[in-house]
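Structure assessment
For reference, the chains in residue letters:
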Amino acid sequence: MTTTSLEPAATARLRSFVAEVRGAVDRGLPPEPTARLVAACLAPHLGAPDLLTGAQCEGDPEHYRQHVLHADPDGSFSVVALVWLPGQATPVHDHVSWCVTGVHRGEEHERRYRLVPDGITARLVATEEVVNAEGTVAALAPPGDIHLVRNAGHDLAVSLHVYGADVTRLGTSVRRVYRLPADG
């Protein structure tokens, strides 16, 4: 579970990034190329000390914290900062839309899965274990975006996520949480 706070204060760098994302989204491309364009926009901003305010990097001792930084008025995208204290993790999940993630500070460990039939039900097969260091960017688009993310390190981790949906209207970027048997 995450706490959500809508963050109206934006740094000049964050406002510039949001304008770049708007330009990429306005091209009207399908989800995968849109995600790749947004990833290219995000990469140069990661790690910059003037991207987020101190309040936007505050965690929660109970669970990872979500700071909504921008929700576009037309509902086409949202920008969120996720703050992870050591040991915090998501459940295995996928997303309602394309998604771009970038590690701003620290590192995130990600386990990716593939859903496979198993008789009359299904199971998850771990396909990849990735350590995303500061500056790492990933572009995801359904289907094939099932993963678990965690802070397996000893320090705070902060990541930026851009979703092709308005998370303030939906309440989440998660389409489904998987409780199926998982390999790995």
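Structure shown above.
Right, let's walk through the structure included here.

Analysis parameters
- Residues numbered from 1 in each chain as written.
- Predicted model: local features only at pLDDT ≥ 70, side-chain atom pairs only at ≥ 80, totals over all residues.
- Heavy atoms only, no water.
- Helix = DSSP H or I, 4+ residues; strand = E, 2+ residues; numbered from the N terminus.
- Expected span 1.5 Å × (residues − 1).
- Buried < 20%, exposed > 50% of the residue type's maximum accessible area, 1.4 Å probe, protein only.
- Arc of directions from axis to C-beta.
- Contact = heavy atoms within 4.5 Å.
- Axes fitted to C-alpha atoms, helices over the stretch in contact; angles between N-to-C directions.
- Parallel < 35°, antiparallel > 145°, perpendicular 65-115°, else oblique.
- Left-handed = near helix turned anticlockwise from the far one by under 90°.
- Nonpolar A, V, L, I, M, F, W, Y, C, P; charged D, E, K, R; others polar.
- Salt bridge = Lys/Arg side-chain N within 4 Å of Asp/Glu carboxyl O.

Right, let's get into helix α1 (residues 12-25). Across its 14 residues, α1 extends 20 Å between first and last C-alpha, which sits within 8% of the 20 Å expected from 1.5 Å per residue. Here α1 has its buried residues at Leu-14, Phe-17, Val-18, Val-21, Arg-22, Ala-24 and Val-25. All buried residues of α1 lie within an arc of 160° about the axis, which places them on one face of the element. Against the buried residues of α1 lie α2 (31-42), β2 (65-71), β3 (78-84) and β10 (157-163).

Remark: α1 packs on α2, axes separated minimally by 9 Å, with the N-to-C direction vectors making an angle of 160°. Here α1 is positioned roughly antiparallel relative to α2, judged by the angle of their axes. The chirality of how α1 crosses α2 is right-handed. Between α1 and α2, the residues in contact are Phe-17, Glu-20, Val-21, Ala-24 and Val-25 and Thr-34, Leu-37, Val-38, Cys-41 and Leu-42, respectively. Tallied by class, residues from the contact of α1 with α2 come to eight nonpolar, one polar and one charged.

This paragraph deals with the pattern of salt bridges. In total, this model carries nine salt bridges according to the counting rule given. The closest approach of N and O atoms between Asp-72 and Arg-22, which form a salt bridge, is 2.1 Å. Of this pair, Asp-72 sits in the loop between β2 and β3 while Arg-22 sits in helix α1, placing them 50 residues apart in sequence. Overall, Arg-22 belongs to the buried group, its relative accessible area being 18%. A salt bridge links Glu-129 to Arg-111, with the shortest nitrogen-to-oxygen separation between them at 2.7 Å. With Glu-129 in strand β7 (residues 121-133) and Arg-111 in strand β6 (residues 107-118), this residue pair connects regions lying 18 residues apart in the sequence. Owing to a relative accessible area of 41%, Glu-129 belongs among the partly exposed residues under this scheme.

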